[in-house]
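Listed here are the chains, written in short residue letters.
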Amino acid sequence: MNIMDFNVKKLAADAGTFLSRAVQFTEEKLGQAEKTELDAHLENLLSKAECTKLWTEKIMKQTEVLLQPNPINIFLDARIEEFVYEKLDRKAPSRMNNPELLGQYMIDAGNEFGPGTAYGNALIKCGETQKRIGTADRELIQTSAINFLTPLRNFIEGDYKTITKERKLLQNKRLDLDAAKTRLKKAKVAEARAAQLNTSQPEENNIMIWAEEVTKSEQEVRITQSEFDRQAEITRLLLEGISSTHAHHLRCLNDFVEAQMTYYAQCYQYMLDLQKQLGSFPSTFLSNNNQSSSTPVQSVSTPSVLASASASLPSVSNSIVTSGISELKSSSGSRKARVLYDYDAANSSELSLLADEVITVYSIPGMDSDWLMGERGNQKGKVPITYLELLN
């Protein structure tokens, strides 16, 4: 019986708190109640977290579409197949992706037409190449899922859910605080009104009642203010971790780019080898009625030239950046640099940065190789090299 009484009292208290918050929220929307504003730093952190969540979701979903078109249909087919094999108590075979399936069709067709014929032989070679591309595609999807998509999904489903939960608690604590302030304000107004009407003994009792109500409301304000401040600090600490999340996602992005570079390099090499094999066929098989046999040879040389030219670009660019930083560190001069990403200083020795701003950077003896000194007007501090692009 006592437990039931306790549950009823708790339910009544929770209902009262919910009603109080609802009234406060409604009055704020109608402009009939004051609202405690969060400090500017906390508001900026909240905005940054929302922006991070929005774009992380968009990038993650579009990356999934890029790596695996029509994932819903593929997923449903795979689930049906797994269900059938599970009922038969057998292990489901690995599913072919689109390049592998195309390659198998080409090989089967080549064998049907005859491996000794020019067309059949060419189909078999193309099919083998397509299957190698399918294997590379499978490796790209697996690597990208582990090194890029999973960290993004962990942020959305883990860290940001925690932030959302604590932010909701902060909103409730703010409503409790503002409701307590409103009750205190009303109690003081009623106490002052009762003091003005102090003409009889009952009115003196009324004054004492409102005085007690004011004292009670003041204590409630102190308690709710303390709870709000504590929750604001918890939320702030979580939100400040967004900068670390950006740094982590930057490393994941580099891994994704490297996986794509490996994939496209493999595909290009596979196709280049295939083109050379097709080009080795007799000209009577390769030439059409209105084309000369020199066409395949020309098409081989063009991509190889483009590939060699494009492959040389990153190394040149990297050497320029590396040499520029090395020259800056070895000299006593300074350079202008453009900031690539926002950076929040971890302590007073560092300088916070905003993307696309231009600052002055220089090196000092004994400084870590990953850092430079940065200046913006009268402000200066250490800045990470990876966030900068040196200007000429």
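Here is a short report on the structure shown in this document. Keep in mind that what you see is a predicted model, and the values were worked out from it rather than measured.

1. Considering the sheet that holds strand β5 (residues 388-390)
If you trace the 5 strands from one edge of the open sheet to the other, you get β4-β3-β2-β1-β5, paired in antiparallel fashion. The open sheet has two edge strands with one neighbour each: β4 (379-384) and β5. Pairwise comparison of adjacent strand axes, ignoring direction, gives a mean angle of 40 degrees for this sheet. Pairing of strand β1 (residues 334-339) with β5 involves 3 bridges; the strand directions are antiparallel. Residue pairing in the sheet places R338 in a bridge with E389 of β5.

2. Details of helix α7 (residues 242-279)
Counted at 1.5 Å a residue, the expected span for α7 with its 38 residues is 56 Å, and the 54 Å between its end C-alpha atoms agrees. Of all the positions in α7, only I242, T245, H249, C252, F256, A259, Q260, Y263, C267, L272 and L274 are classed as buried.

3. Overview of the pairing of strand β2 (residues 358-362)
The element β2 is extensively covered by neighbouring structure, given that 4 of its 5 residues are classed as buried. Summarising the sheet, β1 and β2 pair through 5 bridges and their orientation is antiparallel. Opposite R338, over in β2, you have V358 as the bridge partner. As defined by bridge partners, β2 adjoins strand β3 (residues 371-376) across 3 bridges and the pair is classed as antiparallel. Within the sheet, the bridge partner assigned to V361 lies in β3 and is G374.

4. Some thoughts on the packing of helix α5 (residues 118-196) against α7
For the pair α5 and α7, interaxial distance at closest approach is 9 Å and the crossing angle is 175 degrees. In this view, α5 runs roughly antiparallel relative to α7, as classed from their interaxial angle.

5. Considering the pattern of salt bridges
Here the structure, examined in full by the defined rule, presents 13 salt bridges. We note a salt bridge from K173 to E227, for which the minimum N-O separation is 3.5 Å. With K173 in helix α5 and E227 in helix α6 (residues 201-240), the pair connects residues that are 54 residues apart, well separated along the chain. R236 serves as the salt-bridge partner of E233, at 2.3 Å between the closest nitrogen and oxygen. Here E233 pairs with R236, and both are found in helix α6, just 3 residues apart, close to one helical turn. Through salt bridges that share partners, E233, R236 and E240 make up one connected network.

6. Details of α5
With 79 residues, α5 should cover 117 Å at 1.5 Å per step; its first-to-last C-alpha distance of 110 Å lies within 8% of that length. Where α5 bends most, at A145, the angle is about 45 degrees.

7. Some points on the pairing of β4
Relative to β4, β3 runs antiparallel, the two being bridged by 6 bridges. Following the sheet pairing, L372 is matched in β4 by V383. In textbook terms, the turn of a hairpin is the stretch between consecutive antiparallel strands, and for β3 and β4 this stretch comprises 2 residues, one of which, G377, has a positive phi near 65 degrees.

8. Observations regarding the side chain of D176
Here D176 is to be found in helix α5. Beyond its immediate sequence surroundings of up to four residues, D176 is in contact with T17, R21 and T224.

Rules used throughout
- Residues numbered from 1 in each chain as written.
- Predicted model: local features only at pLDDT ≥ 70, side-chain atom pairs only at ≥ 80, totals over all residues.
- Heavy atoms only, no water.
- Pairing = 2+ DSSP bridges.
- Helix = DSSP H or I, 4+ residues; strand = E, 2+ residues; numbered from the N terminus.
- Axes fitted to C-alpha atoms, helices over the stretch in contact; angles between N-to-C directions.
- Expected span 1.5 Å × (residues − 1).
- Buried < 20%, exposed > 50% of the residue type's maximum accessible area, 1.4 Å probe, protein only.
- Parallel < 35°, antiparallel > 145°, perpendicular 65-115°, else oblique.
- Salt bridge = Lys/Arg side-chain N within 4 Å of Asp/Glu carboxyl O.
- Bend = angle between axes of the 7 residues up to and from the residue.
- Contact = heavy atoms within 4.5 Å.

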